[in-house]
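# Observations on the model geometry
Here are the chains, one letter per residue:
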Amino acid sequence: MSARTSEQRRAMSKALTRAANASVADVLLTAQGSAGLCSRIGVTGPPGAGKSSLIAALARRRLQKEGDIAILAIDPTSPISGGAILGDRIRMEDLAQNPRVYIRSLASRRSHDGLADNLPDMLEIVERAGFVEAILETVGVGQVEYAVRHVVDTILLVLMPGAGDQIQAMKGGILETADIVVVNKSDQPGARRLAAELAAVVKKRGEDDAGWTPPIVPTSLNDSASIEALAAEIDRHQAWLANRPGAAGCLESRRAQHVGSLVARRVSEVLEELPAEVLRAPLASLYEAVVRRLAEHNDGAAEVNRRRRRS
């Protein structure tokens, strides 16, 4: 694929901004659904593990393949100001100059699962723009971030030495859904011990329901061979995904999750629209008011679908 022009990059930025700001009604008017043409890599883990720097090194390595790469980095939104730091672009500044790479920082906004509002729609824009791979960096809050499972193909859990105590805390969440476990900053003291602890947890867990055992991959920005080894494990996992029975069901699961996120968003929108006197009503009355407004919205969506079919 040829390098993208500045006009194409501006058009991409505008499309992503529209998607990020879209209401549920707007999404229903424009969403087309994913065709699974863009490989999606999710990178999660606790703050300080070096996710952004690792993503930059990994992207440079994966640019040796054909096609362009999009990086979507999610930063937490302040519950007070509603803003976000959006600092990942700064840590990847040199990579951002590459015409085959597109980097976009996103605010998490209402989302509380390490992701961002309308993320499925933004990933579909990346796919339709012809990117062969999208790398998604989650907020980095740890255990709650297993929701990323529903929007990507391969999940990298990035940990660093000194994170041994976090393993127990994450056992019931993201650690059990990771496809590849990365011990980053592996040149620091304690890296071997962490890798051994992770290997013990993975061995106890065994293969997942589909038959995949997560590898433990040590990485260091000072060791290019370790980044190459990580890239190879990603390729191995994606090849395994493509060849396993029922691979097409992933798109169905992704679509179901998309609808579920829209329903949750619409409930939030309705609650924000309700006048204060309704919010002060008894719980049963408040519940009925929310359900009634959801039904009215559903009637409107049905009319949109009818118009689409007639056109």
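## What to know about the nonpolar core
Core analysis: the biggest nonpolar cluster contains 27 residues, and I71, L95, I135, L156 and L230 have the highest contact counts within it. Of all elements in the fold, only β1 (39-44), α3 (51-62), β2 (69-75), α5 (93-96), β3 (101-107), β5 (154-159), β6 (180-183) and α10 (224-243) reach the threshold of two or more residues within this core. If you tally residues by element for this core, the top one is α3, at 6 residues. Once you skip the residues sitting within four places of it in the chain, L95 turns out to touch A56, A59, R60, L63, I71, V101 and I103. Counting 23 residues, the second largest nonpolar core, distinct from the first, contains I74, L106, L123 and L136.

## Considering the pattern of salt bridges
For the structure shown, the criterion picks out 12 salt bridges. A salt bridge links R266 to E269, with the shortest nitrogen-to-oxygen separation between them at 2.9 Å. Within this pair, R266 and its partner E269 are both found in helix α11 (residues 249-273), separated by 3 residues, close to a single helical turn. Of the two residues, R266 and E269, both sit in the buried class. Three or more residues joined by partner-sharing salt bridges are found here, namely R265, R266, E269, E273 and R293.

## A short note on the pairing of strand β4 (residues 133-137)
For β4, the tally of buried residues reaches 5 of 5 residues, placing the bulk of the element in the interior. The alternating pattern of β4 places E133, I135 and E137 on one face and A134 and L136 on the opposite face, and all of these are buried. Where β1 meets β4, 5 bridges bridge the pair, whose relative direction is parallel. Across the sheet, residue G42 finds its bridge partner in β4, namely L136.

## Considering the sheet that holds β3
Strand order in the open sheet formed by 7 strands is β3-β2-β4-β1-β5-β6-β7, and the pairing between neighbours is parallel. Two strands close off the open sheet at either side, each with one partner strand: β3 and β7 (216-218). Along the sheet, successive strands turn relative to each other by an average axial angle of 20°, direction set aside. Seen against the sheet, α3 touches β1, β2, β4, β5 and β6 and runs at an angle of roughly 170° to β4. Across the sheet, helix α6 (residues 119-128) is in contact with β1, β2, β3 and β4; its angle to β2 comes to roughly 160°.

## Notes on unusual backbone geometry
In this model, K185 sits at a positive phi of 55°, which is unusual for a non-glycine residue. Positionally, K185 belongs in the loop between β6 and α9 (191-205).

Calculation notes
Residues numbered from 1 in each chain as written. Predicted model: local features only at pLDDT ≥ 70, side-chain atom pairs only at ≥ 80, totals over all residues. Heavy atoms only, no water. Core = buried A, V, L, I, M, F, W, Y, C linked by side-chain atoms within 4.5 Å. Buried < 20%, exposed > 50% of the residue type's maximum accessible area, 1.4 Å probe, protein only. Helix = DSSP H or I, 4+ residues; strand = E, 2+ residues; numbered from the N terminus. Contact = heavy atoms within 4.5 Å. Salt bridge = Lys/Arg side-chain N within 4 Å of Asp/Glu carboxyl O. Pairing = 2+ DSSP bridges. Axes fitted to C-alpha atoms, helices over the stretch in contact; angles between N-to-C directions.

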